[in-house]
Each structure stands twice: as structure tokens, then as C-alpha cells.
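Here is how the chains run, residue by residue.
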Amino acid sequence: MENRGKFITFEGCDGCGKSTQLRLLSEYLEKNGVPHIFTREPGGGKISEAIREILLNGKNSEMTDACEALLYAAARVQHLSDRVEPALNEGKLVVCDRYVDSSLAYQAYARGLGTDFIGKINAYALEHYLPDVTVFIDLTPEAAFKRKHGADENDRLEQAGMAFHRRVYEGYKAIAAENPERVVCVDGNQTPDEIFTEVVRILKERNCL
Ligand code: TYD
């Protein structure tokens, strides 16, 4: 479609500074009058937010890895239809906090379910809604956890421990290496303003701004 909007996703380990960048981008887009929507995964709609509650609820510790992966994929398909597709069709810029690369990093690499299985259950997203640009905030989990004060102990994923988050990080590095045309790595050790300057430069280069 000619006037289809651009689809941008942000990825990184828990506590990498993604939220700060999304806030800065939101202010920038408002100031510059860029038609856009902000959304997030898992979530971004009534049904997907309900699935998010199940996924992130610390009480659901008996959930199997495969169930977890399928719920993320299910929430994703619903979210694409509820929010992403309509906005792209209106020519808006869609900025999404996490997307299919999170499933690859967390479920395929860190949980060990493998990229074949995760690729298969996310085929719809990968085939029809591959992001135009994915910004990966490259910060190790060790550095991220140091920064993140007051982490929520009831968050089921944060209970998984440092070894898990290390695998997530390695997963992201592998994804970035395999998709150099789509995934742009930004050094997360810089100040928020420095990171944001890079983010804006990247998005301008890719004609997203
Ligand atoms: P959230 O509180 O939104 O974390 P963050 O602020 O770091 O984005 O929780 C989302 C969690 O869900 C996060 O730990 C990553 C995880 N996740 C997956 O494991 N697989 C996925 O496909 C997605 C989208 C998220």
C-alpha cells in the first residue's frame, strides 16, 4: 500500500532504558506533529492486555515454556489486528515496545525452545508485519539490573534470574547479527540524551521521521 505507515520496534533486555527512549520519542513526535501511535507487547488492546496479565502474573509459575510462547504469539496476532494494522493503513508511524524479536530472544534462545518453533508460531507476524526498523538498546543484563532500582519481585520473568537474562542478551546479539539490515544496535551505556540522538538519526536515515 502506497501510504502505509512505518513500523518501528524497540527491543532490549529488561531495564535497558527502553522506556526512557520511548518517552523521549513520544515527546519528539508530539512536538514535530508526526502522526503516530505508541503501543506495546504483550498487550496493546483488550484481549492482548488480558493475555499479558496471565503471562506476567507471578502466580502462574507452573506455566510451561511452550504455553508461554504460544500466548505471546496469540497476543501478538490480536494486537496486530487491533492496533498495528489499522494505524499502518492510516499512514501512521507505529512505535511498538517489544515485538517478535522478544519472542526469539526470550522464548527461542533463553527458554531454549529454538528459532524453528518460535518462527513457526509467529509466521503470521514475520511474514506480514516485519518491522521497517528495530532499535536494539544494547545493554548487558548485569548493567541493566544495576540501573533498575526497585524491580518488581512478583514479575514472573524477573524471577528467572541472571543466567536467563544472559541468554536473552546473547539471543538479541544473534538476532542483530542475522538481521543487520533491519536491526540497529545502539550502545545502551551512553546517557539517555546520547542514545536518543542516535535513535533520531537512525529513524531519519530509514525515512521513518
Ligand atoms: P514489561 O514489564 O513490559 O517489561 P519491559 O519494560 O522490560 O518491556 O514485561 C514484558 C516482559 O515480557 C519482558 O520481560 C519481556 C517479556 N516478553 C517475552 O518473553 N516474549 C515476548 O514475545 C514479549 C513481547 C515479551
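Residues numbered from 1 in each chain as written. Predicted model: local features only at pLDDT ≥ 70, side-chain atom pairs only at ≥ 80, totals over all residues. Heavy atoms only, no water.

Undergrad: Is there a simple way to think about the sheet that holds strand β2 (residues 36-40) in this case?
TA: Neighbouring strands of a sheet are bound in pairs by backbone hydrogen bonds; such pairs are parallel or else antiparallel. In space, the five strands of this open sheet follow the order β2-β3-β1-β4-β5, with parallel pairing throughout. Of all the strands in the sheet, just β2 and β5 (183-187) have a single pairing partner and so form its edges. Pairs of neighbouring strands in the sheet enclose a mean axial angle of 20 degrees, with direction left out of account. In this structure, strand β4 (residues 133-138) lies alongside β5, joined through five bridges in parallel fashion. What sits directly across from V135, in β5, is V184. (Pairing = 2+ DSSP bridges. Helix = DSSP H or I, 4+ residues; strand = E, 2+ residues; numbered from the N terminus. Axes fitted to C-alpha atoms, helices over the stretch in contact; angles between N-to-C directions.)

Undergrad: Just to check I follow, could you spell out the site of the ligand for this structure?
TA: In the vicinity of the ligand there are 14 residues, among which D14, R76, R98, S103 and Q107 approach most closely. One of the side-chain N or O atoms of K18 is found 2.9 Å from an oxygen atom in the ligand. Between the ligand and the protein, one listed contact pairs a nitrogen atom with a side-chain N or O atom of Q107 at 2.8 Å. Elements with a minimum of two residues in the shell around the ligand: α2 (46-56), α3 (65-89) and α4 (100-110). Top contributing element to the shell around the ligand by residue count: α4, with four residues. Of the residues assigned to the shell around the ligand, the class counts are five nonpolar, three polar and six charged. (Near = heavy atom within 4 Å. Polar contact = N/O pair within 3.5 Å; in protein donor to acceptor, adjacent residues only side chain to side chain. Nonpolar A, V, L, I, M, F, W, Y, C, P; charged D, E, K, R; others polar.)

Undergrad: Mind showing me how you'd approach the state of the cysteines here?
TA: Disulfides are covalent bonds that link the sulfur atoms of two cysteine residues. Applying the stated rule across the entire model yields zero disulfides. C13 takes part in no disulfide bond, and the closest cysteine sulfur, belonging to C16, lies 6.9 Å away. Here C208 stays free of any disulfide, with the sulfur of C96 as its closest cysteine sulfur at 14 Å. (Disulfide = S-S within 2.5 Å.)

Undergrad: Explain the pattern of salt bridges to me, please; I cannot follow it from the model alone.
TA: Opposite charge on two side chains makes pairing possible when the charged atoms of those side chains draw close. In total, this model carries 15 salt bridges according to the counting rule given. Note that D97 is salt-bridged to K18, the shortest N-O span being 2.4 Å. In this pair, D97 is assigned in strand β3 (residues 93-97) and K18 in helix α1 (residues 18-31), connecting sequence segments 79 residues apart. Here D97 and K18 have matching classes, each one buried. R166 serves as the salt-bridge partner of E142, at 3.0 Å between the closest nitrogen and oxygen. Placement of E142 in helix α7 (residues 141-147) and of R166 in helix α8 (residues 162-178) is noted, with a sequence separation of 24 residues between them. Through salt bridges with shared partners, one network takes in E11, D14 and R98. (Salt bridge = Lys/Arg side-chain N within 4 Å of Asp/Glu carboxyl O. Buried < 20%, exposed > 50% of the residue type's maximum accessible area, 1.4 Å probe, protein only.)

Undergrad: Sorry, what's going on with the nonpolar core here?
TA: Nonpolar side chains tend to gather and get buried jointly when the protein is soluble and globular. The biggest cluster of nonpolar side chains holds 25 residues, and the ones touching the most others in it are F10, V95 and V135. Mapped by element, the contributors of at least two residues to this core are β1 (7-11), α1, β3, β4, β5 and α9 (192-205). Those residues in contact with V135 that sit more than four places away from it in its chain are T9, F10, E11, V184, V186, V199 and L203. By size, the runner-up hydrophobic cluster in this structure holds 16 residues, among which are A105, A110, I118 and Y172. (Core = buried A, V, L, I, M, F, W, Y, C linked by side-chain atoms within 4.5 Å. Contact = heavy atoms within 4.5 Å.)

Undergrad: Please explain the pairing of β3 as it appears in this structure.
TA: A regular strand places its side chains on the two faces of the sheet in alternate fashion. Of all five residues in β3, five are buried; the element is thus mostly enclosed. Side chains of β3 alternate between two faces, with L93, V95 and D97 and V94 and C96 buried alike.

Undergrad: Looking at this structure, I do not really get unusual backbone geometry. What am I missing?
TA: Leave glycine aside and you will find that most residues have negative phi; peptide bonds, for their part, are mostly trans. The linkage connecting E41 with the following residue, P42, adopts the cis geometry, with an omega of -10 degrees. Unlike most non-glycine residues, R98 shows phi in positive territory, near 75 degrees. For R98, the location among the structural elements is in the loop between β3 and α4.

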